[in-house]
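Commentary on secondary and tertiary structure
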Amino acid sequence: MSLEAVKGIQSPPSSNGDSPSGANGSPGVRQKRRATAQSMAASQRDISVSEFFAKNRHLLGFDSPRRALLTTVKEAVDNALDACEEAGIVPEIWIHLQRTGPDRFKVGVQDNGPGILKKTIPLIFGKLLYGSKFHRMRMSRGQQGIGISAAGMYGLLTTGKPVKIMSKISRKEPAHYYEIQIDTKRNLPEILNGKGDGVEVPPGEAGQKAIEKHEIEWIDLDHGTRVTIELEGKHVRGRGSVDEYLEQTAIANPHVSIHYKDPDDNESDYLRVAEHLPPEPKEILPHPYGVELGRLVAMLKDTKAGTLSQFLCESFSRVSPGVARKICEAAKLSTRARPKNIGRTEADSLYKAIQETRIPAPATDCIAPIGEELIIKGLHQIVPGEFYTAATRPPAVYRGNPFLIEVGLAYGGAPISHKVSREALAELLEESDARTLRQFLITTFNGLGADGADKILGESGLKTRVSPGNLKPAEMAKLHEALQTINVSEGQSMNILRYANRVPLQFQAGGCAITQTVMQTNWRSYGLSQSRGALPAGPVTIMVHMASVWVPFTSESKEAVASYEAIQKEIRLAIQAVGRKLGMFMRRRLKVKHEGERRNLFLRYVGEVASAVAKINGGDRDKLYENLLHVAKKRTTEADTQLDDRGKKIEDADYGGSVLIIERQEPAEAVAS
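A short tour of the structure in this document, coming up. (Residues numbered from 1 in each chain as written. Predicted model: local features only at pLDDT ≥ 70, side-chain atom pairs only at ≥ 80, totals over all residues. Heavy atoms only, no water.)

**As for the overall build of the chain**
The condition is simple: A helix here means a DSSP run of H or I that spans at least four residues, while a strand means a run of E at least two residues long, and both kinds are numbered starting from the N terminus. Only protein chains enter the area calculation, which uses a 1.4 Å probe; residues under 20% of their type maximum are buried, those over 50% are exposed, and those in between are partly exposed. Contacts are assigned to residue pairs with any non-hydrogen atoms lying within 4.5 Å of each other. To be clear on the numbers: accessible area is Shrake-Rupley with a 1.4 Å probe, and residue cover counts the displayed protein chains and nothing else.
Counting its secondary structure elements, the chain contains 21 helices and 16 strands. By the burial criterion, 48% of the 673 residues in the chain qualify as buried. Taking contacts inside the chain between residues at least 6 apart in sequence as the whole, the part at least 24 apart equals 71%. As displayed, the chain has an accessible area near 33,700 Å², and 49% of this comes from carbon and sulfur atoms.

Structure below.
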């Protein structure tokens, strides 16, 4: 067929711009175009960060009513602690949860901090990604400037109620009261009271009248801040609860006093065990090893330094003029070159030269560890046990960021399930969202595994699949009795407390480097039984704290630490340090127990032996009994060993410090055979 003939049978092009071919490419079938470049361009617009997180609030920890309540308290408490410590004030915090309706709560958190200036209050509580900590290279709890404003946004979305803030910087200065909501489309605060300017609360009696007039909730302090948020939530006890968060916060922050009133008006106080603040972390410059090529190019464009050598010395920590000269020589660049004139190829050479040059590790005064002594005090205050130890590793570096790992360990003591009262058990059962009684036991009590739950249910005679909320009073009494009597230590699994910059991490445990490293450790060598790929069994609580200028969280909700090799190595070494001390304690306890059993065996028959020998040879039975008793005690002298609170009364029992031993109340369990 000729070319002209082929052209003759082709369909003419469509006059409206529609393609003549079908969806499958076959000729002759017209299909209307869905959109044009012009129409798609017209629909493009900016997305506000607050609008994004309003639709994706699960990223910030507001994925369920239960977790939303906890996250709100957590963000407010973290801000309060950071503010107090930065101002040099020993922190005291008041927390009040009040039920205002079905699945609706009012959260009030007040501190004795320095207060907030009037002009910055709306921005702090009514704008996402606003804060002072993101650009600072120093240890702090908050980093992104999202938390407390996101909690207020969640409260607005679920209840329509604004955030209420009262802040005071001095007894002589007026306080400021705001009711704020976020304009999510513009990510800006809207002030609802005082005709858009808030309310000024004067000092003295006039201020008290203003507080009563505007119904402001406020504990009378010379200075401080109170934030009140009403939101949709769910209050439960046990794992992942506000109560657990505050207990864990008290362990890692022994210098804080916390006063807590729950929705049932039960009051709990966690009083400080240290009267001094931790040392103030100092701000440092970024380390060259932690800067990527793209950021280096941006820094070169933005710098005000006149020469490349000045740029390196002024922009990075641990870069002296001598180190800057070595970097420039390796990159084949002049030390006097203008940074703004450095091209992309030259910047690439500069970046490679930085990585190849030996540069000292960054300064570590930017982080403030808890300290071994205070870790032990914090654990002893909250976690029951008979042996406590702690270890703090020297500072290390990942991606140019300094960090430090601390580990505390508590062994022994009755499980939490033994200490629950009848009234508390009734509340736990009523508030639980578990579907079965077995699930309730496992998820409510830390360290109580499936085997322990089965033992308790077997003793109580209750069915495993019965709903917790359907228990009758008689069945509840049986369950409570079983909780008190069954020894679940053998089936009890290790309880892990995870911290980042003194903040408890309560969710996403499986994806956290801390949990993974604890599970990979061989605990059998330290006297605990452990199945392959599982946590060790026994009445053990271990806390792992990572302090860093920038914690590598796996998500915006800040619940799990990323698995960097350098971080996991330091966690492993710190665990081994406390594990060796635990192993020494377990072996000595086991030896004392063994010698005691030997002595009991001697004493059981020494009287009969003395009587028989005296009858045979006619000797003095009482004198012979005393001699045999003396020999028995001499041979089992280890049974008389007593340990002081530092474990130093046994000869050669040098644990190397950082150990606290409490008089044992009951025999230690879960020793590997």
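Having put the structure on the table, let's press on.
**Observations concerning the packing of aromatic side chains**
This is how it is decided: Pairing of aromatic rings covers Phe, Tyr and Trp, the last counted by its six-membered ring, and requires centre-to-centre distances within 6.5 Å; plane angles under 30 degrees mean stacked, over 60 mean edge-to-face, and any other angle means tilted. By definition, being over a ring means that NZ of Lys or CZ of Arg is both within 6 Å of the ring centre and within 35 degrees of the ring normal.
Enumeration according to the criterion identifies seven aromatic pairs in this entry. A ring pair is formed by Tyr 398 and Tyr 564, whose centres lie 5.1 Å apart and whose planes are at 45°; its orientation type is tilted. Separated by 166 residues along the polypeptide, Tyr 398 in strand β11 (residues 396-398) and Tyr 564 in the loop between β15 (540-548) and α20 (565-617) bring together distant segments of the chain. Through a chain of ring-to-ring contacts, three or more aromatic side chains come together here, namely Phe 387, Tyr 411 and Phe 585. Against the face of Phe 507 rests Arg 67, its NZ or CZ located 4.5 Å from the ring centre.

**Brief notes about the pattern of salt bridges**
This is how the line gets drawn: Here, a salt bridge means any Lys or Arg side-chain nitrogen found within 4 Å of an Asp or Glu carboxyl oxygen.
With the rule as written, the count across this model stands at 20 salt bridges. One salt bridge connects Lys 74 with Glu 559, and the closest N-O pair in it is separated by 3.3 Å. With Lys 74 in helix α4 (residues 65-86) and Glu 559 in the loop between β15 and α20, the pair connects residues that are 485 residues apart, well separated along the chain. A relative accessible area of 3% places Glu 559 in the buried class. Note that Lys 377 and Glu 373 form a salt bridge whose closest N and O atoms lie 3.8 Å from each other. In this pair, Lys 377 and Glu 373 both sit in helix α13 (residues 372-382), four residues apart, roughly one turn of the helix. Residue classification places Lys 377 among the partly exposed residues on the basis of a relative accessible area of 36%. Salt bridges sharing partners connect three or more residues here, namely Arg 99, Arg 237, Asp 243, Asp 262 and Asp 264.

**Digging into the packing of helix α11 (residues 321-331) against helix α12 (residues 344-356)**
Inclusion rule: Here, axes are lines fitted to C-alpha atoms. For helices the fit covers the stretch in contact, and angles between N-to-C directions go from 0 to 180 degrees. Any angle between 65 and 115 degrees counts as roughly perpendicular, while under 35 counts as roughly parallel, over 145 as roughly antiparallel, and the rest as oblique. Whether a crossing is left-handed or right-handed is set by the direction in which the near helix is turned from the far one by less than a right angle, anticlockwise for left-handed and clockwise for right-handed. In this count, Pro and Cys sit with the nonpolar residues alongside Ala, Val, Leu, Ile, Met, Phe, Trp and Tyr, while Asp, Glu, Lys and Arg are called charged and the others, Gly among them, polar.
Running from N to C, α11 and α12 cross one another at 125°; their axes reach a closest spacing of 8 Å. In terms of their interaxial angle, α11 and α12 are classed as oblique. The handedness of the crossing between α11 and α12 comes out as right-handed. Here Ile 327, Ala 330 and Ala 331 of α11 come into contact with α12, specifically with Ser 349, Leu 350, Ala 353 and Ile 354. Residue composition of the contact of α11 with α12, by class: six nonpolar, one polar and no charged.

**Observations regarding unusual backbone geometry**
Located in the positive-phi region is Asn 187, a residue other than glycine, with phi close to 55°. Along the chain, Asn 187 turns up in the loop between β4 (175-183) and β5 (188-191). The residue Arg 399 is not glycine, and still its phi comes out positive at about 50°. Its relative accessible area of 44% is what places Arg 399 among the partly exposed residues.

**Structural notes on the environment of Ile 121**
On the secondary structure map, Ile 121 appears in helix α5 (residues 121-126). Each C-alpha atom, one on Ile 121 and one on Met 166, is 9.2 Å from the other, the two residues being 45 residues apart in sequence.

**A few points about helix α7 (residues 205-213)**
Keep this limit in mind: This arc is taken over the directions from the axis of the helix to the C-beta atoms.
Every buried residue of α7 is accounted for by Gly 207, Ala 210 and Ile 211. Taken down its axis, α7 places every buried residue within 100° of arc, on the same side. Looking at α7, the residues exposed on the side facing more than 90 degrees away from the buried face are Glu 205, Lys 209, Glu 212 and Lys 213.

**So, helix α9 (residues 293-302)**
Helical geometry note: an α-helix holds 3.6 residues per turn, so side chains three or four residues apart project in the same direction. For α9, the complete set of buried residues consists of Leu 296, Val 297, Met 299 and Leu 300. An end-on view of α9 places all buried positions within 160° of arc, on one side of the element. Turned more than 90 degrees from where α9 packs its buried face, Lys 301 and Asp 302 sit exposed. Here the buried face of α9 lies against α10 (308-315) and α12.

**Here we look at the state of the cysteines**
By definition, a disulfide links the sulfur atoms of two cysteines through a covalent bond. Here is the rule: Criterion for a disulfide: a pair of cysteine sulfur atoms at a distance within 2.5 Å.
Inspection of every chain in the model, using the stated rule, returns zero disulfides. Between Cys 313, a cysteine without a disulfide, and Cys 328, which holds the nearest cysteine sulfur, the sulfur-to-sulfur distance is 8.8 Å. Overall, the relative accessible area of 24% leaves Cys 313 in the partly exposed class.

**Structural notes on the environment of Glu 314**
Assignment of secondary structure puts Glu 314 in helix α10. Its relative accessible area of 51% is what places Glu 314 among the exposed residues. Distance in space between the C-alpha atoms of Glu 314 and Thr 303 is 9.3 Å, their sequence separation being eleven residues. Once residues within four sequence positions are removed from consideration, Glu 314 is found in contact with Leu 285 and Ala 305.

**Let's talk about the side chain of Gln 248**
Tracing the backbone through its elements, the reader meets Gln 248 in helix α8 (residues 242-252). Assessed through its relative accessible area of 7%, Gln 248 is described here as buried. Excluding its chain neighbours within four sequence positions, the residues that come into contact with Gln 248 are Leu 497, Tyr 499, Pro 504 and Gln 506.

**Let's talk about the packing of α4 against α8**
Following both chains from N to C, one finds α4 and α8 inclined at 25°, their axes separated by 10 Å at the closest point. Classified by the interaxial angle, the pair formed by α4 and α8 is roughly parallel. The handedness of the crossing between α4 and α8 is right-handed. Mapping the contact onto sequence places Leu 69, Leu 70, Val 73, Lys 74, Val 77, Asp 78 and Leu 81 in α4 and Val 242, Tyr 245 and Thr 249 in α8. In terms of residue class, the contact of α4 with α8 is made up of seven nonpolar, one polar and two charged.

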